[in-house]
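Tertiary structure, described
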Amino acid sequence: MERTRLRRQVALTRQSLFDQGFLDEQFIQLEDLQDDANPNFVEEVVTLYYRDSARLITNIEKALEKNSLDFNKLDGFMHQFKGSSSSIGAKKVKAECTLFREYCRAGNGEGCTRTFQQIKKEYATLKRKLEAYFQVVRQAGPAETACWPK
Amino acid sequence: MANTSSFSSSPSTKFSFDEKPHVLAVDDNLIDRKVIERLFINSTCKVTTAENGKRALEYLGLADGQHPNHNDLKVNLIITDYSMPGMTGYELLKRIKESPTMKEIPVVVVSSENIPTRINQCMQGGAQEFLLKPLQLSDATKLRCHIKKAITRGVCRRR
């Protein structure tokens, strides 16, 4: 049956996100908070994360363009960004953020810039993968309702 | 501004053991506010969120220039992030503990950083507990048990 195939696809896609290290335990915590009253909680939080962190990314980018780097400011931005990333279980992004903060504390501008490129890459990759995942989730749909979730 | 969750509690002057505990969650991070809110709502608590210490104090009626609350504000637990702009969670904790009306409300401090001196500082300052972020459902469940026990012991102030 189509639904069974889709459900299996959801399970496999989900598992690969964990196996490949994109997501950690915290994502499961979010899933555990999802219920009939809030069936799209995980997707809502992830969407909010990408919307909210976009401005942090821009701020960090601007701060890195300056001739003389303000490492305190950079660390402050990254603290926020790392916090949010950690809260949604973004494992690879979080690891790069930790590295970035170490470079900040060491006053290593080049290390910061290099790591930031990596952060943006992981951030974008995760976004793509999660969007694909939520799409399959939506396609598989809840068995009971007739309407497609947003 | 502080946002109240969609749960409404009917105003009552009688204390009821069936009332949902009311948690005030203070965090400058939008994602964390959303997650903490759901953690506690799922643990059958009513939740109000505030984005910083100043807003939290205003909600509690403890801000500079405010008169002590004459309404029947009931807060059973305050959970606050440590690192916040303007006023840290520790500073917020101190302000609450200095208040004759609010000092008995348990305050839990949360932080993404495991720094022993910070933990000591908060515990010395009167924090109920210090927890590491990100919070999990088990943390909320545990805290809810503490709240229920405190209510039963009559520690929660109600006016």
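Values in this document were obtained by computation on a predicted structure and should not be read as measured data. (Residues numbered from 1 in each chain as written. Chains lettered and ligands numbered in written order. Predicted model: local features only at pLDDT ≥ 70, side-chain atom pairs only at ≥ 80, totals over all residues. Heavy atoms only, no water.)

1. A short note on the overall build of chain B
Per the secondary structure count, chain B includes 5 helices and 6 strands. Ordered by position from N to C terminus, the α and β elements of chain B give β-β-α-β-α-β-α-β-α-β-α. Across the 159 residues in chain B, those meeting the buried criterion constitute 50%. The contacts of chain B with a sequence gap of at least 6 include a subset with a gap of at least 24, amounting to 68%. By element, 52% of the accessible surface of chain B is carried by carbon and sulfur atoms, the whole surface being about 7,600 Å². (Helix = DSSP H or I, 4+ residues; strand = E, 2+ residues; numbered from the N terminus. Buried < 20%, exposed > 50% of the residue type's maximum accessible area, 1.4 Å probe, protein only. Contact = heavy atoms within 4.5 Å. Areas by Shrake-Rupley, 256 points an atom, 1.4 Å probe, with all protein chains shown as cover.)

2. Examining the UniProt feature "modified residue: Phosphohistidine" (unreviewed entry) in chain A
With numbering aligned to this structure, UniProt lists the feature "modified residue: Phosphohistidine" (unreviewed entry) at A:H79. Locating A:H79 in the fold gives a position in helix α4 (residues 71-88). The contacts of A:H79, once residues within four sequence positions are left out, are A:R101, B:S83, B:S112 and B:E113. (UniProt positions renumbered as here; feature names shortened; annotations may be inferred.)

3. Let's talk about the nonpolar core
Of all hydrophobic cores here, the largest spans 62 residues; its most connected members are A:F27, A:F81, A:F100, A:L126, A:L130, B:F40 and B:I79. Looking at this core element by element, the count peaks at 12 residues for helix α3 (residues 41-65) of chain A. Sequence-distant contacts of A:L126, defined by excluding residues within four places in its chain, comprise A:F22, A:L23, A:Y50, A:I88, A:A90 and A:V93. Of all hydrophobic cores here, the second largest spans 25 residues; its members include B:V26, B:A50, B:I105 and B:F130. (Core = buried A, V, L, I, M, F, W, Y, C linked by side-chain atoms within 4.5 Å.)

4. Section: the environment of A:A106
Relative to the elements of secondary structure, A:A106 occurs in the loop between α5 (91-105) and α6 (109-140). As a C-alpha pair, A:A106 and A:F71 span 35 residues in sequence and 9.0 Å in three-dimensional space.

5. Description of the interface of chain A and chain B
The partner chain B presents 17 residues to the 23 residues of chain A that form the contact. At the surface where chain A touches chain B, the tally comes to 3 salt bridges. Linking chain A with chain B are 8 residue pairs in polar contact (both at pLDDT 80 or more). Residue assignment for the side of chain A that touches chain B shows that the elements contributing at least two residues are α2 (25-32), α3, α4 and α5 of chain A. Looking at the side of chain A that touches chain B, the element that brings in the most residues is α4(A), giving 7 residues. (Salt bridge = Lys/Arg side-chain N within 4 Å of Asp/Glu carboxyl O. Polar contact = N/O pair within 3.5 Å; in protein donor to acceptor, adjacent residues only side chain to side chain.)

6. As for the pairing of strand β2 (residues 22-26) of chain B
All names here are of chain B. Most of β2 is tucked away, with 5 of its 5 residues classed as buried. Burial along β2 is two-sided: H22, L24 and V26 facing one way and V23 and A25 facing the other are all buried. When β2 meets strand β3 (residues 46-50), the two strands line up parallel, connected through 5 bridges. Pairing of H22 across the sheet is with K46, part of β3. Note: β2 against strand β4 (residues 77-81), 4 bridges, orientation parallel. Its bridge partner being in β4, V26 is matched across the sheet by T80. (Pairing = 2+ DSSP bridges.)

7. As for the UniProt feature "modified residue: 4-aspartylphosphate" (unreviewed entry) in chain B
All names here are of chain B. According to UniProt, the positions carrying the feature "modified residue: 4-aspartylphosphate" (unreviewed entry) are D81. Tracing the backbone shows D81 in strand β4. Here D81 falls in the buried class, since its relative accessible area comes to 5%. What D81 contacts, discounting residues up to four positions off in sequence, is V26, D27, D28, G89, V110, S111 and K133.

8. Quick look at the UniProt feature "domain: HPt" (unreviewed entry) in chain A
UniProt's entry tags residues 38-133 of chain A with the feature "domain: HPt" (unreviewed entry), counted in the numbering of this structure. Helix makes up 86% of residues 38-133 of chain A and strand makes up 0%, while its end C-alpha atoms are separated by 18 Å.

9. Observations concerning the side chain of B:R118
Mapped onto the fold, B:R118 is located in helix α4 (residues 116-124). By relative accessible area, which is 13% here, B:R118 ends up buried.

10. Structural notes on the pairing of strand β6 (residues 129-132) of chain B
If a strand is regular, its side chains alternate between the two faces of the sheet. All names here are of chain B. As paired strands, strand β5 (residues 107-111) and β6 are joined by 4 bridges and run parallel to one another. Bridging across to β6, V110 finds its partner in L131. Regarding the hand of the β-α-β motif, the stretch spanning β5, α4 and β6 is right-handed. (Right-handed = clockwise from strand over helix to strand, strands pointing away.)

11. A word on the pattern of salt bridges
Counted under the stated rule, the structure contains 21 salt bridges over all chains. A salt bridge links A:R114 to A:E110, with the shortest nitrogen-to-oxygen separation between them at 2.7 Å. Placement of the pair is A:R114 and A:E110 together in helix α6, with a separation of 4 residues, close to one helical turn. For B:E129, the salt bridge goes to B:K142, with nearest N and O atoms at 3.3 Å. Of the two residues, B:E129 sits in strand β6 while B:K142 sits in helix α5 (residues 137-153), which places them 13 residues apart along the sequence. Judged by its relative accessible area of 37%, B:K142 is partly exposed. Through salt bridges with shared partners, a single network forms among A:D75, A:R101, A:R105, B:E113 and B:R118.

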